[in-house]
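# Notes for the structure review
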Amino acid sequence: QVQLVESGGGLVQAGGSLRLSCAASGRTFSSYTMGWFRQAPGKQREFVAAIIWSGGSTGYADSVKGRFTISRDNAKNTVYLQMSSLKPEDTAVYYCAADTRRTVLERRVGEYDYWGQGTQVTVSS
């Protein structure tokens, strides 16, 4: 079992920055892939970024590449999403997720087996 708790969401103006955190507990954090996803009202949940167990490989959705950075601190059992140059279209509930069955990057929502409760990010124009 893995428990995930996100924090750091809020209201920010376009062009601003936010850093999301996701604290994990349960199974050995340093052994699995972590991802960030988001879901806007009326839309499907979509991939944002992922990072493998070691932090040595990351992947991003085209819509956030160059603006968002995913990182992890295995000593603190925490994964981060640094978001910069935020746009109104980044407004969504952001979820962190754990893919405990593999050690490679994964973008598919259905392949993640544990999810946090989500944190709201609202970007005003």
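The following refers to the structure shown. Computed from a predicted model, the values in this text were never measured in an experiment. (Residues numbered from 1 in each chain as written. Predicted model: local features only at pLDDT ≥ 70, side-chain atom pairs only at ≥ 80, totals over all residues. Heavy atoms only, no water.)

### Remarks on the sheet that holds strand S7 (residues 68–73)
Hydrogen bonds between backbone groups are what pair the strands of a sheet, and the pairing can be parallel or antiparallel. Pairing in this open sheet of four strands is antiparallel, and the strands run S1-S3-S8-S7 from one edge to the other. The outermost strands of the open sheet, each flanked by one partner alone, are strand S1 (2–7) and S7. Between one strand axis and the next, the sheet turns by 15 degrees as a mean value, whatever way the strands run. One ladder, built from six bridges, connects S7 with strand S8 (residues 78–83); its direction is antiparallel. Among the inter-strand pairings, Ser71 is bridged to a residue of S8, identified as Tyr80. (Pairing = 2+ DSSP bridges. Helix = DSSP H or I, 4+ residues; strand = E, 2+ residues; numbered from the N terminus. Axes fitted to C-alpha atoms, helices over the stretch in contact; angles between N-to-C directions.)

### Notes on the pairing of strand S9 (residues 92–99)
Among the eight residues in S9, seven count as buried, and that is most of the element. Sheet topology places strand S4 (residues 33–39) next to S9; seven bridges connect them, and they run antiparallel. Each residue of the ladder has a partner; that of Thr33, found in S9, is Asp99. Across three bridges, the pairing between S9 and strand S11 (residues 119–124) is antiparallel. By the bridge assignment, Val93 is partnered in S11 with Gln120. Taken together, the two bridges between S9 and strand S10 (residues 114–115) define a ladder with antiparallel strand orientation. Residue Ala98 lies in a different strand from S10, and its bridge partner there is Tyr114. (Buried < 20%, exposed > 50% of the residue type's maximum accessible area, 1.4 Å probe, protein only.)

### Topic: the packing of aromatic side chains
Considering all chains together, one arrives at six aromatic pairs under this definition. The interplanar angle of 75 degrees and the centroid separation of 5.8 Å between the aromatic rings of Phe37 and Phe47 together place this pair among those described as edge-to-face. Residue Phe37 is found in strand S4, and its partner Phe47 is found in strand S5 (residues 46–51); the two are separated by 10 residues along the sequence. In this structure Phe37 comes out as buried when scored by relative accessible area, which is 0%. What makes Phe47 buried here is its relative accessible area of 12%. Through successive ring pairs, a cluster of aromatic residues spans Phe37, Phe47, Tyr95, Tyr112 and Trp115. Note that Arg45 overlies the ring of Tyr95, its terminal NZ or CZ placed 3.7 Å from the centroid. One cation-aromatic arrangement involves Arg45 over Trp115; the distance from NZ or CZ to the ring centre is 4.8 Å. (Phe/Tyr/Trp six-rings, centres within 6.5 Å; stacked < 30°, edge-to-face > 60°. Lys NZ or Arg CZ within 6 Å of the ring centre and 35° of its normal.)

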